[in-house]
Amino acid sequence: MKLLEERIRKDGIVKPGNVLKVDSFLNHQMDVELFNEMGKEFKRLFGDRPINKILTIEASGIGIACVVAQHFQVPVVFAKKAKSINLDGEMYTTKIESFTHKKVYDVIVAKKFLNKEDHVLIIDDFLANGCAVAGLIDLIQSAGATVEGVGIAIEKGFQQGGDIIRGKGIRVESLAIVESMDDETGTLSFREQ
Ligand code: 5GP
């Protein structure tokens, strides 16, 4: 999606450790007009699927997921990072290792918000090593629900997540795929799509 690529070029900051900072428009301050264009694009890409629910993970996926959900006219559920002590039988749980914080979280969704009739679109801001998306897929499968696809704002194509998730036979659509980035020069390149 050209609009997103241009915005990343203009306002994205390449940090050491393969981290792309986009907090001025995506995951701290949020450009809702841009989110709306992203929502339109996800609807175009996944409009053929019988999606009745969107699943994301707190915190940075929530804003995008809500705007995308308006285009599908379906509810959003966000998986919560939980303290183990709070876990009980009313929850589906999985473990996710955070790429940015290098910590393992227990992540939960209440059973009443995911069930086997659900056809779920996963939405997140980044796809890096794929841990977050793999955890969300695990939650959906625990509920016996169907993963209809994964919609990502920015995929880092030089990390393994995209290959891992596509390798499971799941459709992944990323609006911008960063092919390479260099924190010394601040430059990045995108995969042609
Ligand atoms: P993964 O689980 O695929 O390794 O990483 C995905 C999660 O880590 C996303 O939910 C996102 O919040 C965070 N993340 C991964 N890479 C980046 C990055 O380069 N920049 C930012 N801002 N977040 C990232």
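Residues numbered from 1 in each chain as written. Predicted model: local features only at pLDDT ≥ 70, side-chain atom pairs only at ≥ 80, totals over all residues. Heavy atoms only, no water.

Digging into the sheet that holds strand E10 (residues 187-190)
This is how the line gets drawn: Here a strand pair is declared whenever DSSP counts at least two bridges between the two strands. Only DSSP runs of H or I with at least four residues qualify as helices, and only runs of E with at least two residues qualify as strands; both kinds are numbered from the N terminus onward. Every axis in this analysis is a line fitted to C-alpha atoms, fitted for helices over the stretch in contact. Angles between the N-to-C directions lie between 0 and 180 degrees. We call two residues in contact when some of their heavy atoms are within 4.5 Å.
Read across the sheet, 8 strands follow the order E5-E6-E4-E3-E7-E8-E9-E10 without closing on themselves; strand pairing throughout is mixed. With partners counted over all chains shown, the strands left at the sheet margins are strand E5 (91-97) and E10, one partner each. Strand-to-strand twist of the sheet, defined as the mean angle between neighbouring strand axes without regard to direction, takes the value 30 degrees. Lying on the sheet, helix H3 (residues 61-72) is in contact with strand E3 (53-57), strand E4 (76-82), strand E7 (119-127) and strand E8 (146-156); it crosses E3 at an angle near 170 degrees. With respect to the sheet, helix H4 (residues 131-142) is in contact with E3, E4, E5, strand E6 (104-110), E7 and E8, its orientation differing from that of E5 by roughly 165 degrees.

Section: the site of the ligand
Quick note on the threshold: Residue proximity to a molecule or strand is established when one non-hydrogen atom of the residue lies within 4 Å of it. Identification of polar contacts relies on pairs of N or O atoms within 3.5 Å, with a donor-acceptor requirement for protein atoms, meaning one able to donate a hydrogen and the other able to accept it, and with residues adjacent in sequence counted only if both atoms are side-chain atoms. Accessible surface area values rest on a Shrake-Rupley calculation with a 1.4 Å probe, where residue burial reflects the displayed protein chains alone. For this classification, the nonpolar set comprises Ala, Val, Leu, Ile, Met, Phe, Trp, Tyr, Cys and Pro, the charged set comprises Asp, Glu, Lys and Arg, and every other residue, Gly included, is treated as polar.
Close to the ligand lie 17 residues; Leu-20, Asn-129, Gly-130, Ala-132 and Lys-156 are nearest. Ala-128 places a main-chain nitrogen or oxygen 2.8 Å from an oxygen atom of the ligand. A distance of 3.1 Å separates an oxygen atom of the ligand from a polar backbone atom of Cys-131. When the ligand sits alone it has 510 Å² of accessible area, and the protein chains cover 90% of it. Mapped onto the shell around the ligand, the elements with two or more residues apiece are strand E2 (19-21), E7 and H4. Considering each element in turn, the shell around the ligand owes the most residues, 4 residues, to E7. Class assignment of the residues belonging to the shell around the ligand gives a composition of 8 nonpolar, 6 polar and 3 charged.

Some thoughts on the packing of helix H1 (residues 2-11) against helix H2 (residues 32-46)
Contact pair H1 / H2: the axes reach a minimum separation of 10 Å and the direction vectors enclose 145 degrees. Across the interface between the two elements, Leu-3, Leu-4 and Arg-7 from H1 touch Leu-34, Glu-37 and Met-38 from H2. For the contact of H1 with H2, a count of residues per class yields 4 nonpolar, no polar and 2 charged.

Quick notes on the packing of aromatic side chains
This is how it is decided: Between rings of Phe, Tyr and Trp, where Trp is taken as its six-membered ring, a pair exists when centres lie within 6.5 Å; planes separated by under 30 degrees are stacked, by over 60 edge-to-face, and by other angles tilted. Either the NZ atom of lysine or the CZ atom of arginine qualifies as a charge over a ring when it sits within 6 Å of the ring centre and within 35 degrees of the ring normal.
Enumeration over the complete set of coordinates arrives at 0 aromatic pairs. In this arrangement the basic side chain of Lys-81 is found over the ring face of Tyr-105, its NZ or CZ atom lying 5.0 Å from the centre. Over the aromatic face of Phe-99 sits the side chain of Lys-102, whose NZ or CZ is 4.4 Å from the ring centroid.

Remarks on the nonpolar core
Quick reminder of the rule: Throughout this description, the term nonpolar core refers to a set of buried Ala, Val, Leu, Ile, Met, Phe, Trp, Tyr and Cys residues connected via side-chain atoms within 4.5 Å. Summary of the burial criterion: residues with accessible area below 20% of their type's maximum are buried, those above 50% are exposed, and those between are partly exposed, where the area comes from a 1.4 Å probe applied to protein chains only.
One finds Leu-4, Leu-20, Leu-26 and Ile-154 to be the most contacted residues of the largest nonpolar core, which totals 33 residues. Put simply, the parts of the chain that give this core at least two residues each are H1, H2, H3, E7, E8, strand E9 (172-182) and E10. Ile-57, Val-120, Val-133 and Val-150 belong to the second-largest nonpolar core, a separate cluster that totals 26 residues.

Thoughts on the side chain of Glu-148
With respect to the element layout, Glu-148 can be found in strand E8. Of the polar contacts made by the side chain of Glu-148, one reaches the side chain of His-119; its length is 2.6 Å. Apart from the residues lying within four places of it in its own chain, the contact partners of Glu-148 are Phe-46, Arg-49, Pro-50, Ile-51, His-119 and Val-120.

What to know about unusual backbone geometry
In this structure, the amide linkage connecting Glu-58 to the following residue, Ala-59, adopts the cis form with an omega of 0 degrees. Mapping Ala-59 onto the fold places it in the loop between E3 and H3. The phi dihedral of Asn-18 falls on the positive side, at around 60 degrees, and the residue is not glycine. Residue placement: Asn-18 occurs in the loop between strand E1 (13-15) and E2. By relative accessible area, which is 37% here, Asn-18 ends up partly exposed. Its identity as a non-glycine residue notwithstanding, Lys-102 has a phi of 55 degrees, on the positive side. Checked against the element boundaries, Lys-102 lands in the loop between E5 and E6.

Function cannot be read off these values alone, since they describe shape.
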